[in-house]
Amino acid sequence: MANRTKTKSRTKSAATKTSEPSRGPTKTQPRSARADNSKLEEPKSPMPPQHQRKPGLESKMKPRPNYLAPHYRGAGKLEGKVALITGGDSGIGRAVAVLFAREGADVALVHLREEASDAEETKSAIEAEGRRALTIAGDVRDSKFCEKAVKTVVDEFDQLDILVNNAAYQQSRDGLEDISDDQLERTFKTNIFGYFYMARAALPHLKQGSAIINTGSITGLDGSKKLLDYSATKGAIHAWTKSLAQNLIEEGIRVNCVAPGPVWTPLNPSDKPAREVAKFGADTPMRRPAQPEEIAPAYVYFASEADSSYVTGEVLTLLGGETTAG
């Protein structure tokens, strides 16, 4: 794998924005923004009733999700690495981008065009950690776009070491008969086809020590009566993670999966009626949804050779105390 050819062109996509702040050491001291974030108490249910049109923006959520992880101190675990995160503009993807940057990685984000404002905020957060940021607008349902996105990252940074497949689409429905062909196709093409497309495009640039990290869900293990298609794709992601890990183990590329329970992200207010959003996460033992900053360290663990060099094919659940299906 180390002999794979890397593209050296410096041409940037018209849909791409990049920044090149100082390449100094990873910042480990909290800034005022992180200090302000640390004062926020974790919101518990009931949350304020709210609803947004899809795809949903983090900037419009109340309360805003916590992603700055003020108590997390970087240790240079990803120094010199380049990461590509799909769905990196908001939610879990945003929090992962911040911690990857704090650990020393340059980070590229893939996002929908409608999410450009959220992507810019994430880009600024990466820059605040002293790392380079790249935003790429497009849809992972398109295999050609996935190929173009990976090429853009390699053209800009000369390498790719970590792929985080995180983009997701979900739409709650009361019954099977309520799921249209269009919804079924969109859910599968975003949640599993997009993961496949992006990994296939990234593979020629990955090498021994690289990592692929997929975002699964507890719904892929326990099911969800109102997320029939979504939970099916998450189950597929879990199985695909284990299969791809076996396929790539001899090349030294680790493949793992983080499968959270309820997390406070734009997926929720853009999916459910306002009254259901208010109760989101209330059925966990902690009686609240996770904040993205509480999930992101698991991605650092899987990305870091120092932490998980002997770990591949794992599905790690983060459930707020849940140990059995409710």
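Residues numbered from 1 in each chain as written. Predicted model: local features only at pLDDT ≥ 70, side-chain atom pairs only at ≥ 80, totals over all residues. Heavy atoms only, no water.

**Q** Now, about the overall build of the chain: what can you tell me, with residues and values included?
**A** The secondary structure content of the chain amounts to 10 helices and 8 strands. Relative to its 326 residues, the chain shows a buried fraction of 55%. Partitioning the intrachain contacts of the chain with sequence separation of at least 6 by distance along the chain shows that 80% fall at a separation of at least 24. As displayed, the chain has an accessible area near 14100 Å², and 52% of this comes from carbon and sulfur atoms. (Helix = DSSP H or I, 4+ residues; strand = E, 2+ residues; numbered from the N terminus. Buried < 20%, exposed > 50% of the residue type's maximum accessible area, 1.4 Å probe, protein only. Contact = heavy atoms within 4.5 Å. Areas by Shrake-Rupley, 256 points an atom, 1.4 Å probe, with all protein chains shown as cover.)

**Q** Tell me about the packing of helix H5 (residues 181-202) against helix H7 (residues 228-248), and please be specific about residues and values.
**A** Two elements in contact, H5 and H7, have axes separated by 9 Å at closest approach and are oriented at 15°. On the basis of the axis angle, H5 is roughly parallel to H7. As for the relative orientation of H5 and H7, their crossing is right-handed in sense. Here Gln183, Leu184, Thr187, Phe188, Asn191, Ile192, Tyr195, Phe196 and Ala199 of H5 come into contact with H7, specifically with Asp229, Tyr230, Ala232, Thr233, Lys234, Ala236, Ile237, Trp240 and Leu244. Considered class by class, the residues forming the contact of H5 with H7 number 12 nonpolar, 4 polar and 2 charged. (Axes fitted to C-alpha atoms, helices over the stretch in contact; angles between N-to-C directions. Parallel < 35°, antiparallel > 145°, perpendicular 65-115°, else oblique. Left-handed = near helix turned anticlockwise from the far one by under 90°. Nonpolar A, V, L, I, M, F, W, Y, C, P; charged D, E, K, R; others polar.)

**Q** Tell me about H5, and name the residues and values.
**A** With 22 residues, H5 ought to run about 32 Å at 1.5 Å a step, and its terminal C-alpha atoms sit 30 Å apart, in line with that. Every buried residue belonging to H5 is among Gln183, Thr187, Thr190, Asn191, Ile192, Gly194, Tyr195, Tyr197, Met198, Ala199, Ala201 and Ala202, and all of these are buried. For H5, the secondary structure elements touched by its buried residues are strand E2 (82-86), strand E3 (106-111), helix H4 (143-157), strand E5 (162-165), strand E6 (211-215) and H7. (Expected span 1.5 Å × (residues − 1).)

**Q** How would you summarise the nonpolar core if you had to cite specific residues and measurements?
**A** In this structure, Phe100, Val107, Ile162, Ile213 and Tyr299 are the most contacted members of the largest nonpolar core, which totals 35 residues. Listed by contribution, the elements that provide at least two residues to this core are E2, helix H2 (91-102), E3, helix H3 (116-128), E5 and helix H9 (292-303). It is H2 that provides the largest number of residues to this core, a total of 8 residues. Residues contacting Tyr299, with those up to four places away along its chain left out, are Ile92, Val96, Phe100, Val164, Asn166, Ile213, Thr215 and Val258. (Core = buried A, V, L, I, M, F, W, Y, C linked by side-chain atoms within 4.5 Å.)

**Q** Outline the packing of H4 against H5, listing residues and values.
**A** Packing of H4 against H5 brings their axes to within 9 Å, and their N-to-C directions diverge by 40°. Regarding the angle of H4 to H5, the classification is oblique. Note on packing geometry: the crossing formed by H4 with H5 is right-handed. Of H5, the residues touching H4 (which contributes Ser143, Cys146, Glu147 and Val150) are Gly194, Tyr197, Met198, Arg200, Ala201 and Ala202. A class-by-class count of the residues in the contact of H4 with H5 yields 6 nonpolar, 2 polar and 2 charged.

**Q** Got a sec to walk through unusual backbone geometry? Specific residues and values, please.
**A** Even without being glycine, Ala69 reaches a positive phi, approximately 45°. Relative to the helices and strands, Ala69 is located in the loop between helix H1 (32-38) and E2. Under the relative-accessibility criterion, Ala69 is labelled buried at 7%.

**Q** Lay out the pattern of salt bridges with the relevant residues and their values.
**A** The full count for this structure, using the stated rule, is 13 salt bridges. Notably, a salt bridge pairs Lys207 with Asp161, separated by 2.5 Å at the nearest N-O pair. In this pair, Lys207 is assigned in the loop between H5 and E6 and Asp161 in the loop between H4 and E5, connecting sequence segments 46 residues apart. Classification of Asp161 as buried rests on a relative accessible area of 3%. Put simply, Glu79, Asp106, Arg131 and Arg132 are held in one network by salt bridges that share partners. (Salt bridge = Lys/Arg side-chain N within 4 Å of Asp/Glu carboxyl O.)

**Q** Lay out the packing of aromatic side chains in plain terms, naming residues and giving numbers.
**A** According to the stated counting rule, one finds 3 aromatic pairs in the structure shown. With a centroid separation of 6.1 Å and 85° between ring planes, the pair formed by Phe193 and Tyr197 is classed as edge-to-face. Remark: Tyr197 and Phe193 occur in helix H5; sequence separation between them is 4 residues, near one turn of the helix. Owing to a relative accessible area of 39%, Phe193 belongs among the partly exposed residues under this scheme. Accessibility expressed as a relative area gives 15% for Tyr197, which makes it buried. Centre to centre, the rings of Tyr301 and Phe302 are 5.2 Å apart; their planes meet at 50°, and the pair counts as tilted. What makes Tyr301 partly exposed here is its relative accessible area of 31%. Of the residues examined, Phe302 reaches a relative accessible area of 2% and is grouped as buried. Over the ring of Tyr67 we find Arg94, and its NZ or CZ is 4.8 Å from the ring centre. (Phe/Tyr/Trp six-rings, centres within 6.5 Å; stacked < 30°, edge-to-face > 60°. Lys NZ or Arg CZ within 6 Å of the ring centre and 35° of its normal.)

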